[in-house]
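Analysis of the macromolecular model
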Amino acid sequence: MTLSNGIRKADALASESESTPMKIFDSRNSCSNSISAQDDVDILYEISLLLDTGVDKDTISLCLKLCDNGVNPEALANTIRDLQDRAISQGNIKAA
């Protein structure tokens, strides 16, 4: 389920109920509207650098788009790890 589908379902449930509507957190539509998609990439890139993952900003951006479109994040992470391991074993990149 994508984030937009989840928000639509939550909005439909909130409008059907008599209670106060639920607030769904979405970093791109937060109360302050201060976090953009580029900010998300920048923050995740800083985390990537701290963890020494070897994942660049372009890859992070693509991963976010894939996850937003329903790709399983855990399966995506496993695929990236597998590709990195293959590249290291073939001598295409240095081990982190």
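No experiment lies behind these values; they were computed from the predicted model shown. (Residues numbered from 1 in each chain as written. Predicted model: local features only at pLDDT ≥ 70, side-chain atom pairs only at ≥ 80, totals over all residues. Heavy atoms only, no water.)

Next up on the list: the pattern of salt bridges. Oppositely charged side chains can form a pair if their charged atoms are brought close together. Tallied over the entire structure, the rule returns 2 salt bridges. Between D42 and K57 there is a salt bridge; the shortest N-O distance is 3.0 Å. With D42 in helix α2 (residues 37–50) and K57 in helix α3 (residues 57–68), this residue pair connects regions lying 15 residues apart in the sequence. Note that D82 is salt-bridged to R86, the shortest N-O span being 3.2 Å. Of this pair, D82 and R86 both sit in helix α4 (residues 73–89), 4 residues apart, which is roughly one turn of that helix. Given a relative accessible area of 33%, D82 falls into the partly exposed group. (Salt bridge = Lys/Arg side-chain N within 4 Å of Asp/Glu carboxyl O. Helix = DSSP H or I, 4+ residues; strand = E, 2+ residues; numbered from the N terminus. Buried < 20%, exposed > 50% of the residue type's maximum accessible area, 1.4 Å probe, protein only.)

Take the packing of α3 against α4 next. The contact between α3 and α4 brings their axes to 10 Å, and the two run at 150 degrees. By the criterion of interaxial angle, the relationship of α3 to α4 is roughly antiparallel. Every pair of crossing elements has a handedness; the one defined by α3 and α4 is right-handed. Mapping the contact onto sequence places T59, C63, L66 and C67 in α3 and P73, L76 and I80 in α4. Across the contact of α3 with α4, the residue classes break down as 6 nonpolar, 1 polar and no charged. (Axes fitted to C-alpha atoms, helices over the stretch in contact; angles between N-to-C directions. Parallel < 35°, antiparallel > 145°, perpendicular 65-115°, else oblique. Left-handed = near helix turned anticlockwise from the far one by under 90°. Contact = heavy atoms within 4.5 Å. Nonpolar A, V, L, I, M, F, W, Y, C, P; charged D, E, K, R; others polar.)

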